[in-house]
Structure formats: C-alpha cells, structure tokens
Amino acid sequence: MLDYFLQQLIFALAIGAIYGLIALGYTMVYGVMRLINFAHGEFFMLGPYIYTFLFSGLLGLGGLAPVLDSAIAIVVSFVIVGLLGVAIERFAYRPLRAYGRLAPMLSALGMSIVLQSAVRVTVGPQPVHFPAIVPSTPIDALGGMVTTVQLGILAAAVLLMVGLTLFVNGTRLGIWIRAASESWTTSSLLGIRVNRAVSLVFFIGPGLGAMAGIMYASYYGIMQPTMGSVIGLKAFTAAILGGIGSIPGAMLGGFLLGAIETFGTAFLPILSFGYIGTEYRDVFAFAVLILVLLFKPAGLLGETVSEETTVAKKDY
C-alpha cells in the first residue's frame, strides 16, 4: 500500500504541476483584466503541435544534437504561442473593453472555437503521436516506481513557477503587472503603460500554457485538437480553488486539484469495493469547483476586488 501511495503521490504532483501552469495563465489575465480567457485551453493545445512541427523540421535539417533540437523547439514554441496570445488580445479583446465584461468574454469563447477548428482543418481531428522528449525510464523510489518523465515534468514546472514568481516580484516589468492588477487609473497616472503590461501578461500566460501542453503530451505520448477543452476547465477549477487572481493561489490550486483527482481515482474504487471506478476521474475536478463556489467563492488565497479597480478597467 505504501508503494502504491508513493506512485500516486508522484503522479499527483506531476499532473498538479501541469494544472498549476495552465491556471497561472487564467489567474494572470483575470488579475489584470478581470477577464476569463476561455481561449486559454487552446494555447495549451497548440504547444505540442507547434513543438512537434518545429522539432521534426530541425531533425530534418540535421547538424544539431536531438537534445538541442528539442530545447530550441520548446523555447520557440513558447515565443510563438506567446506572440499569438498578444495578437489575440490586441485585435479580439482590446477593442471590446469599453463594452463591459461580457463582450470580451464572448470574444474569448469565439477565439477558442476558431483555434480548435483551425487545428482540426490543418492537421485533422484524429489523435497524433507526440515524440518523446526524454526516455521514460522507471526509477525505484522508496519502494515505489516513478519515471524520468514524471520527475522531469515536476522539475520543469517548479522551475517555471519559481521563475515567474521572481519575475513578477523582482523586476520592473513585474511591478507593472502588479500595479495594473491593483488599479489601471493609478498605474497610468504614475507613468506605467498599462497596455504594455496587459500585452506582457498575454505573452507569459499563453506561453506557460504551451509549456504545460508539451509536458502533458510528453507524459501521455499523444495530442489532439480537443485536448485543451477538459484540461482547460480543470485548470480553471484549480485557479478558482487557489483564488483566481492570485499567482501563489494558482500554483496551490493546481497541486491540490491534482492530489484530489489522483487520490480520489486511486483509492475510492478500493474503499467503495468497486462501486466507484476510475471513469469518475473528471467528476472530482468539477465537484471541487461546485463546492468551492458554494462555500468559498474567493478561493483559498483569493482577494477581494475593489469596485474602483473594476470600474477603472472599463475606461481603457
């Protein structure tokens, strides 16, 4: 039982780290714009597709080691998806700010459908094999078996989370983002270019989503155009669980949701003598969403949004 518990713990941490990375995109956009970016799940989906295209092209050219080809493809995928996020914000969301919250939210929903349909038309609706980034080698850890892929995903996700925290809290651009999340009016009066802060958020958030997509596809070895739909909703649940608008909350919510989903799926069939099976895996995530909204709508680390902040953001 201890071996089984350790295996499930590593899996919970790995999948929770992926949820946390995607949730960061949701929470950063909401923290600055008070907008739920429903297209964020599609940025998660685009990451593996762009990586596969770039990696295959670099392998075809030759001249570099496969490890370098993979590293270059990862970095370029982050940049491409980030720039796509900036472009979508500039042309699909920004012109609708003056019309309240509903119009940009509907535009985000429309962009989600557009991006998913574009991938369906371009590469087809069928699942596609994803090339392994690192070999999946089993490792004996305290009697439990974990893989190098799980450990790699966890390490990469934690590094990205730590890097984002240091960037937001310790750089000038990070100060712009934090100031814009407090008040657009005050930030503008202090000389902060709010639109640049928004563009930066839409570059970092989708880029992190793409990285999470690459990790997810590398773990399961497959990708498909609809992969961002359910995973995006789960990450949104993680953002709400931790407190949407809070960067530490998004990380905490991701790990908590991963643990709830994994251990619930692993142990409930045992405790219920088989009456509850693993097919109820997705039920746990959305049950958590309902319970959090009922009993703690602000989330575990959520903060109260001032009326001045909400009203001011309609004027830009």
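Residues numbered from 1 in each chain as written. Predicted model: local features only at pLDDT ≥ 70, side-chain atom pairs only at ≥ 80, totals over all residues. Heavy atoms only, no water.

J.: What should I look at first to understand the packing of helix α2 (residues 40-61) against helix α9 (residues 227-242) in this one?
T.: When two helices pack together, their arrangement is given by the angle between the helix axes and by the axis-to-axis distance. In the contact formed by α2 and α9, the axes pass within 8 Å of each other and the chain directions differ by 130°. Relative to α9, α2 is oriented oblique. Relative to α9, the crossing made by α2 is right-handed. Contacts between α2 and α9 involve Gly41, Glu42, Phe44, Met45 and Pro48 from the first element and Met227, Gly228, Ser229, Ile231 and Gly232 from the second. Split by residue class, the contact of α2 with α9 holds five nonpolar, four polar and one charged. (Axes fitted to C-alpha atoms, helices over the stretch in contact; angles between N-to-C directions. Helix = DSSP H or I, 4+ residues; strand = E, 2+ residues; numbered from the N terminus. Parallel < 35°, antiparallel > 145°, perpendicular 65-115°, else oblique. Left-handed = near helix turned anticlockwise from the far one by under 90°. Contact = heavy atoms within 4.5 Å. Nonpolar A, V, L, I, M, F, W, Y, C, P; charged D, E, K, R; others polar.)

J.: What am I meant to see in the pattern of salt bridges here?
T.: It is possible for side chains of opposite charge to pair when their charged atoms get near one another. This structure, assessed with the given rule, holds three salt bridges. In this structure, Arg94 and Glu89 form a salt bridge, with 2.9 Å as the shortest nitrogen-oxygen distance. In this structure, Lys234 engages Glu261 in a salt bridge whose closest nitrogen and oxygen atoms are separated by 3.2 Å. Residue Lys234 is found in helix α9, and its partner Glu261 is found in helix α10 (residues 247-271); the two are separated by 27 residues along the sequence. Among the residues examined, Glu261 registers a relative accessible area of 0% and is labelled buried. Because the salt bridges share partners, they merge into one network encompassing Glu89, Arg94 and Arg97. (Salt bridge = Lys/Arg side-chain N within 4 Å of Asp/Glu carboxyl O. Buried < 20%, exposed > 50% of the residue type's maximum accessible area, 1.4 Å probe, protein only.)

J.: Looking at this structure, how should I read the layout of surface pockets?
T.: Of the voids in this model, the largest pocket is the one considered here, and its volume is about 330 Å³. Val168, Arg178, Gly245, Ser246 and Ile247 are, among the 18 residues lining the largest pocket, the residues nearest its centre. For the lining of the largest pocket, the secondary structure elements donating two or more residues are α1 (2-33), α5 (148-170), α6 (172-182) and α10. The residue inventory of the lining of the largest pocket, partitioned by class, reads eight nonpolar, seven polar and three charged. Estimated volume of the second largest pocket: approximately 270 Å³. Lining the second largest pocket are 13 residues, and of these Ile74, Ile133, Gly152, Ala156 and Met215 lie nearest its centre. Secondary-structure elements contributing two or more residues to the lining of the second largest pocket are α5 and α8 (194-220). With six residues, α5 is the single largest residue contributor to the lining of the second largest pocket. Broken down by class, the residue content of the lining of the second largest pocket amounts to eleven nonpolar, two polar and no charged. (1 Å grid on protein atoms, 1.4 Å probe; cavity = no way out; pocket = protein on both sides within 12 Å on 5 of 7 lines; lining within 4 Å. Points joined across faces, edges and corners; volume = space filled by probe spheres on them.)

J.: It is not clear to me how a nonpolar patch on the surface should be interpreted in this structure. Could you clarify?
T.: A contiguous nonpolar patch, built from Phe38, Leu102, Leu106, Leu109 and Ile113 and spanning about 480 Å² of accessible area, is present on the exposed surface. Along the chain, the position of Ile113 falls in helix α4 (residues 102-123). (Patch = residues over 30% accessible without salt bridge, like charges linked within 9 Å, V, L, I, M, F, W, Y side chains within 5 Å. Areas by Shrake-Rupley, 256 points an atom, 1.4 Å probe, with all protein chains shown as cover.)

J.: Where do I start with the environment of Val128 in this structure?
T.: Mapped onto the elements, Val128 comes out in strand β1 (residues 128-129). Val128 gets classed as partly exposed once you look at its relative accessible area, which sits at 26%. A C-alpha to C-alpha distance of 9.9 Å links Val128 and Ala217, two positions 89 residues apart in sequence. Setting aside residues no more than four positions away along its own chain, Val128 makes contact with Tyr49, Gly221, Ile222 and Met223.

J.: Where do I start with the packing of helix α3 (residues 66-93) against α4 in this structure?
T.: Where α3 meets α4, the closest approach of the two axes is 10 Å, and the angle between their N-to-C directions is 130°. Overall, the two elements α3 and α4 adopt an arrangement that is oblique. The handedness of the crossing between α3 and α4 comes out as right-handed. In this structure, α3 contributes Leu84, Ile88, Ala92 and Tyr93 to the contact, and α4 contributes Pro104, Ser107, Ala108, Met111 and Leu115.

J.: In this structure, what is going on with unusual backbone geometry? I would like to understand it.
T.: With the exception of glycine, the majority of residues adopt a negative phi angle, and the majority of peptide bonds are in the trans configuration. Positive phi outside glycine occurs at Arg34, with the angle close to 55°. Along the polypeptide, Arg34 turns up in the loop between α1 and α2. Classification of Arg34 as buried rests on a relative accessible area of 8%.

J.: Mind showing me how you'd approach the side chain of Ser77 here?
T.: For Ser77, the position within the fold is in helix α3. Excluding residues within four positions of it along the chain, Ser77 makes contact with Gly47, Ile50, Tyr51, Leu54, Ala210, Met211 and Ile214.

J.: Mind showing me how you'd approach the packing of aromatic side chains here?
T.: The geometry of an aromatic ring pair is captured by the separation of the ring centres together with the interplanar angle, meaning the angle of the planes. Evaluation of the coordinates by the stated rule reveals nine aromatic pairs. Note on Tyr51 and Phe55: the rings are 5.6 Å apart at their centroids and 5° apart in plane angle, and the pair reads as stacked. On the criterion of helical spacing, the pair formed by Tyr51 and Phe55 is a turn pair, its members being four residues apart in helix α2. In this pair, the class of Tyr51 matches that of Phe55, namely buried. Where Phe78 meets Phe203, the ring centres are 5.7 Å apart and the plane angle is 75°; that geometry is what we call edge-to-face. Placement of the pair is Phe78 in helix α3 and Phe203 in helix α8, with a sequence separation of 125 residues. Of the residues examined, Phe78 reaches a relative accessible area of 18% and is grouped as buried. Classification of Phe203 as partly exposed rests on a relative accessible area of 21%. (Phe/Tyr/Trp six-rings, centres within 6.5 Å; stacked < 30°, edge-to-face > 60°.)

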